[in-house]
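Per-entry structural report
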Amino acid sequence: MGPGASLPQSCGRAASSLPSRAGVGFKSAHFADIETSAPDVGFFEIHAENFMVAGGPQHAQLSRLRRDFPLSIHGVGLSIGGAAPLDREHLRRVTTLVERYAPAAFSEHLAWSTQEGRFFNDLLPLPYNATTLAHVVDHVNEVQDALGRPILLENPAAYLRFRSSDYSEIAFLREIVRRTDCRLLLDVTNVFVSATNLGFSPSDYIDAFPMSYVEEIHLAGYAEDVDKVGDPLLIDAHCAPVQDSIWRLYERALARRGPVATLIEWDNDVPRWPQLLAQAARAASFLAATSRARIERPTSEALHADLG
């Protein structure tokens, strides 16, 4: 099938059992507040690479948290978009972590981050062409075979385009889903960041995205900069409250998808617990409003419109 190929009418089992609620990324600095406040959040998410040790206080905290809340594990180092084979030892450690905590979802990025045994502290872009597609499909299938479950694949934040790309990003993601039966994690902030940096409409992107395959959404605050010619340059820095531009785009996505597990990401300049909790509460208000609207005006658009 070519770049315009459609997705199948049906898929296998879901990749996520997360509730359609607002969750937050877990930080050890917040553990005492979480224990004492019994927060009304839907789930917690961790970065897999922060827990690839046998024991210690981090695992003690996470084990305690896991008893009361659903858990999502988010990988940042498998380098699924890379041309090189997956690092088998890294995949083994991810598998061990997933087996230990049986999370409600496991996700990774459409990006690469390793080269000849070196790990880079970045999620790097890839060209959207047949050669790269073959690598990504092989890697997604390898990860899913190792974990014994489908995964969620996240759209990246982009800062450049490749001349060798033959697919749009959405068409590329559609083809990965078709060939691997994985699902998608829609990072709304990444959409806005990419749209600003590359000069396309974030609303058009959301309107074209295959929403019926989205099983989690991420929201985060971005950093603002300018490029060498003075044009706006946004950085997916996870360092601030979610901006109004992202909330509006999130509302647009929910109007198509309906309520879905939504994570507030805040990984740098981490705030105090009440501020993070307030961000989750705001996401929860959007989810509740979407639920009410769907009861009043039921629609099947989200299940069918993106399959053509």
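All of these numbers come straight from a predicted model, not from anything done at the bench. In this numbering scheme, every chain counts its residues from 1 along its sequence in written order. Note on the predicted model: pLDDT of at least 70 is required for a residue's local features to be given, and 80 or more for side-chain atom pairs to be given and counted; whole-chain, interface and lining totals, by contrast, use all residues. With hydrogens and water excluded, all non-hydrogen atoms of the structure serve as input to the side-chain values.

Some remarks on the nonpolar core
- Among buried residues, the Ala, Val, Leu, Ile, Met, Phe, Trp, Tyr and Cys ones that are joined through side-chain atoms within 4.5 Å form a nonpolar core. To sort residues, take the accessible area from a 1.4 Å probe on protein chains only and compare it with the maximum for the residue type: under 20% means buried, over 50% means exposed, and anything in between is partly exposed. Residues L186, I217 and L219 are the most contacted members of the largest nonpolar core, which totals 76 residues.
- Contacts were defined at the residue level, with two residues in contact if any of their heavy atoms lie within 4.5 Å. The residues touching L186, leaving out its near neighbours within four places in the chain, are N155, V191, I206, F209, M211, V214, E216, I217, H218 and A253.
- In this structure, F43, A105, L152 and A261 belong to the second largest nonpolar core, which totals nine residues.

As for the packing of helix α8 (residues 244-257) against helix α9 (residues 273-296)
- Orientation is described by axes fitted as lines to C-alpha atoms, over the contacting stretch for helices, and by angles from 0 to 180 degrees between their N-to-C directions. Secondary structure counts use DSSP, requiring at least four H or I residues in a row for a helix and at least two E residues in a row for a strand, with both numbered from the N terminus. Two numbers describe how α8 lies on α9: the axes approach to 10 Å, and their chain directions differ by 35°. Once α8 is placed against α9, the crossing between them reads as right-handed. Residues D244, W247, Y250, E251, L254, A255, R256 and R257 of α8 pack against Q279, R282, A283, F286, L287, T290 and R294 of α9.
- Partitioned by chemical class, the residues of the contact of α8 with α9 number seven nonpolar, two polar and six charged. Definitions for this section: a left-handed crossing has its near helix turned counterclockwise from the far helix by less than a right angle. A right-handed crossing has that turn clockwise. Residues are grouped as follows: Ala, Val, Leu, Ile, Met, Phe, Trp, Tyr, Cys and Pro are nonpolar; Asp, Glu, Lys and Arg are charged; every other residue, Gly included, is polar.

Considering the confidence of the model for the protein
- Summary of the metric used: pLDDT quantifies the predictor's per-residue confidence within the range 0 to 100. For the protein, the average pLDDT comes to 89, and 90% of its residues sit at 70 or higher.
- Long-range and interchain partners of residues 1-11, a stretch whose pLDDT sits below 50, account for 27 contacts in this model, where long-range means more than four residues apart.
- Predicted confidence for residues 299-308 stays below pLDDT 50, and this span has 23 contacts to residues more than four positions away or in other chains.

Thoughts on the sheet that holds strand β8 (residues 183-187)
- Any two strands between which DSSP finds at least two bridges are classified as paired. Ordered in space as β1-β2-β3-β4-β7-β8-β9-β12, the eight strands form a closed barrel in which the pairing is parallel. For this sheet, the mean angle separating the axes of adjacent strands, direction not counted, is 30°.
- Two strands pair when backbone bridges link them, and strand β1 (residues 22-25) and strand β12 (residues 262-265) are joined in this way by three bridges, in the parallel orientation. By the bridge assignment for β12, G23 is matched with L263.
- Its contacts with the sheet put helix α3 (residues 88-101) on β2 (44-47), β3 (71-74) and β4 (105-109), and the angle it makes with β3 is roughly 175°.

Section: the pattern of salt bridges
- The salt bridge definition used is simple: a Lys or Arg side-chain nitrogen within 4 Å of an Asp or Glu carboxyl oxygen. Enumeration over the complete set of coordinates arrives at 13 salt bridges.
- Residue D207 is joined to R252 by a salt bridge in which the shortest nitrogen-to-oxygen separation is 2.8 Å. You can see D207 sitting in helix α7 (residues 202-208) and its partner R252 sitting in helix α8, a full 45 residues away along the chain.
- For R252, a relative accessible area of 37% translates into the label partly exposed.
- Among the ionic contacts, a cluster of salt bridges with common partners joins E35, R64 and D68.

What to know about the environment of D267
- Position of D267 relative to the elements: it lies in the loop between β12 and α9.
- When the C-alpha positions of D267 and H238 are compared, they lie 5.4 Å apart, and in sequence the two are 29 residues distant.
- Setting aside residues up to four positions removed in sequence, D267 forms contacts with K27, H47 and H238.
- Looking at D267, its side chain comes within polar contact range of the side chain of K27, at 2.9 Å. Two N or O atoms count as a polar contact when they lie within 3.5 Å, although within protein this holds only if one can serve as hydrogen donor and the other as acceptor, and sequence-adjacent residues are included solely when both atoms are side-chain atoms.

Side note on the packing of helix α4 (residues 130-147) against helix α5 (residues 169-180)
- As a packed pair, α4 and α5 sit with axes 10 Å apart at the nearest point and diverge in direction by 45°. Compared by their axis directions, α4 and α5 come out oblique. Crossing of α4 against α5: the hand is right-handed. Between α4 and α5, the residues in contact are T132, L133, V136, V137, V140, N141 and Q144 and F172, E175, I176, R179 and T180, respectively.
- Along the lines of polarity and charge, the residues of the contact of α4 with α5 split into six nonpolar, four polar and two charged. Note that the term roughly parallel is reserved for angles under 35 degrees, roughly antiparallel for angles over 145, roughly perpendicular for angles of 65 to 115, and oblique for everything else.

Some words on the side chain of Q279
- Inspection of the secondary structure puts Q279 in helix α9.
- Judged by its relative accessible area of 10%, Q279 falls in the buried class.
- The residues contacting Q279, other than those within four sequence positions of it, are P241, V242, W247, I264 and W266.

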